[in-house]
Amino acid sequence: MHRRNLMKSLLAAPLLGAASASVSARAGAALSVTTDYSASESEELLRPKRLERGMTVGLVTPASNAWEDEDIRFACDVVKSLGFQVKEGANLYQRTQYLAGPDAARAQDFNTMFADPEVDAVFCLRGGYGTPRILPMLDYDNIRSNPKVLLGYSDITALLNAIYRRSGVITFHGPIAAQNFTDYTLAEYQKVLVHGERPVPLGAPPPFESAPGRVERKNRITRFSGGRARGRLIGGNLTLMASLVGTPFEPDYRDKILFLEDVGEPPYRVDRMLTQLWLAGKLQQVAGIAFGKFTEAETDGNTFSIEHVLRERCAGLGVPVVRGLMIGHVDDQTVVPVGAMAELDGDAGTLVLRDRVVV
């Protein structure tokens with residue numbers, strides 16, 4: 001997720017001060033934990049309660065914040081429109097440069113929501129940048145003891161995969177609170193989180209009415225490699241998945257279905273991150289790869305296409321690979337349960353959820 005002038009902001013950002021220092025010992029302890037709940041196909045994961053009207057949703061900002069307070073109030077109204085009560089994080093309106101407040105404050109809100117018996121689910125206001133900074137500060141035992149729906153995408157990818165690995169709780173890559181749901185997004189959200197349907201296709205293109213001389217162009221499925229594969233889902237934003245490599249919070253890639261998307265990344269940067277995953281041996285371990293959308297890529301005439309990069313980096317893996325599912329920074333967006341069992345069909349171009357993900 002390319003952010004212009006990010007390095008300039010990093011150099012200019014102030015120290016987070018005593019608030020962050022107060023959790024430094026706990027953060028160090030968390031980094032030393034070796035417990036790994038990543039489950040094989042035969043093992044059981046923790047499934048949160050399905051969403052029902054009248055529940056209380058905790059709203060948090062674990063990464064960046066909205067530019068204006070009115071955007072936060074808008075997000076609260078979106079959550080209420082889904083039939084929920086909203087409990088705002090104590091630090092929901094904080095801002096520290098490009099972060100939604102100090103690391104310690106963001107981690108505290110997150111931990112508090114999972115410990116609070118009145119909160120039934122946790123929605124993220126937005127992504128941006130910042131979740132990797134708080135991973136050592138999260139109480140993974142608390143999260144495991146209180147499994148709840150955690151919903152978000154983009155920078156939230158780091159939270160989704162770290163919690164799956166360290167707590168064994170299924171998490172959900174899907175819409176943030178600060179966006180309106182299209183009809184498609186609402187239907188995908190409901191079938192996974194409200195109705196708990198299975199088996200059910202994930203991220204299939206929205207219906208399109210073809211006619212003579214008119215066929216779908218925007219949402220097409222590209223089949224890079226055929227065959228079928230079954231495995232647990234990991235992934236999300238490519239930038240975040242690459243940033244987790246070599247840390248105690250990266251998921252186990254062995255025999256998994258890896259799904260990836262990104263926004264604002266030119267082909268050479270997508271190439272670099274996929275190459276990093278390849279050099280680290282991660283791509284060689286997966287059972288299949290489901291690419292979502294790579295939107296707003298900055299390109300000029302002297303470049304490979306995104307399609308070329310994705311195809312080349314996955315050539316020779318011997319696993320099914322498809323591109324174009326409704327996963328990513330798009331209005332029509334599916335919900336992908338991280339940790340759930342799914343089947344990828346490279347010939348049909350489909351990703352089907354096979355697991356029970358809510359109770």
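For clarity, every value in this text was computed on a predicted model and none was experimentally measured.

1. A closer look at the packing of aromatic side chains
And then number 1: Tallied over the full model, the rule gives 6 aromatic pairs.
And then number 2: When the ring centre of Tyr-140 is taken as reference, the NZ or CZ atom of Arg-166 above it lies at 5.3 Å.
And then number 3: Above the face of the Trp-278 ring, Arg-313 is positioned so that its terminal group lies 5.1 Å from the ring centre.

2. Structural notes on the sheet that holds strand 8 (residues 228–237)
And then number 1: Strands sit in the order 6-14-13-8-9-10-11-7 across an open sheet of 8 strands; the sheet is mixed. The open sheet has two free edges, formed respectively by strand 6 (200–201) and strand 7 (222–225), since each of these has just one partner strand.
And then number 2: Of the strand pairs in this sheet, strand 7 and strand 11 (residues 321–323) are connected by 3 bridges, and their pairing is antiparallel. Looking at strand 11, one finds that Thr-222 is bridged to Arg-323.

3. A short note on the nonpolar core
And then number 1: Grouped together as the largest cluster of nonpolar side chains are 99 residues, with contacts concentrated most on Phe-123, Phe-172, Tyr-189, Leu-193 and Phe-291.
And then number 2: For this core, the element with the highest residue contribution is helix 8 (residues 157–167), accounting for 6 residues.
And then number 3: Beyond its immediate chain neighbours, meaning those up to four positions away, Leu-193 contacts Arg-50, Leu-51, Val-149, Leu-151, Phe-172, Val-335 and Val-358.

4. Concerning the confidence of the model for the chain
And then number 1: Mean pLDDT over the chain works out to 91, with 88% of the residues at or above the 70 mark.
And then number 2: Contacts for the low-pLDDT stretch residues 2–34, under 50 throughout, to residues beyond four places or in other chains number 34 contacts.

5. Remarks on the side chain of Lys-293
And then number 1: Looking at the element boundaries, Lys-293 is found in strand 10 (residues 288–295).
And then number 2: For Lys-293, which is buried and forms no salt bridge, the nearest opposite charge comes from Glu-216, at a distance of 7.7 Å.
And then number 3: Separated by 2.9 Å, the side chains of Lys-293 and Asn-219 make a polar contact.
And then number 4: Filtering out sequence-adjacent residues up to four positions away, Lys-293 remains in contact with Lys-218, Asn-219, Glu-261, Asp-262, Gly-324, Leu-325, Met-326, Ile-327 and Val-330.

6. Digging into the sheet that holds strand 3 (residues 121–124)
And then number 1: Pairing is mixed across the open sheet formed by 6 strands, whose spatial order is 2-1-3-4-5-12. One side of each edge strand has no neighbouring strand; the edge strands of this open sheet are strand 2 (85–88) and strand 12 (336–338). Strand-to-strand twist across the sheet, computed as the mean angle between neighbouring axes with direction ignored, equals 30 degrees.
And then number 2: Packed on one face of the sheet, helix 4 (residues 69–81) meets strand 1 (56–60), strand 2 and strand 3 and runs near 145 degrees to strand 2.

7. Considerations on the pattern of salt bridges
And then number 1: Summed over all chains, the structure comprises 16 salt bridges.
And then number 2: In this structure, Arg-106 engages Asp-103 in a salt bridge whose closest nitrogen and oxygen atoms are separated by 2.9 Å. Of this pair, Arg-106 and Asp-103 both sit in helix 5 (residues 103–115), 3 residues apart, roughly one helical turn.
And then number 3: Since its relative accessible area comes to 2%, Arg-106 is described here as buried.
And then number 4: Through salt bridges that share partners, Arg-47, Arg-232 and Asp-355 make up one connected network.

Reading the values: rules and limits
- Residues numbered from 1 in each chain as written.
- Predicted model: local features only at pLDDT ≥ 70, side-chain atom pairs only at ≥ 80, totals over all residues.
- Heavy atoms only, no water.
- Phe/Tyr/Trp six-rings, centres within 6.5 Å; stacked < 30°, edge-to-face > 60°.
- Lys NZ or Arg CZ within 6 Å of the ring centre and 35° of its normal.
- Pairing = 2+ DSSP bridges.
- Helix = DSSP H or I, 4+ residues; strand = E, 2+ residues; numbered from the N terminus.
- Core = buried A, V, L, I, M, F, W, Y, C linked by side-chain atoms within 4.5 Å.
- Buried < 20%, exposed > 50% of the residue type's maximum accessible area, 1.4 Å probe, protein only.
- Contact = heavy atoms within 4.5 Å.
- pLDDT = per-residue confidence, 0-100.
- Lys, Arg positive; Asp, Glu negative; His and termini not counted.
- Salt bridge = Lys/Arg side-chain N within 4 Å of Asp/Glu carboxyl O.
- Polar contact = N/O pair within 3.5 Å; in protein donor to acceptor, adjacent residues only side chain to side chain.
- Axes fitted to C-alpha atoms, helices over the stretch in contact; angles between N-to-C directions.

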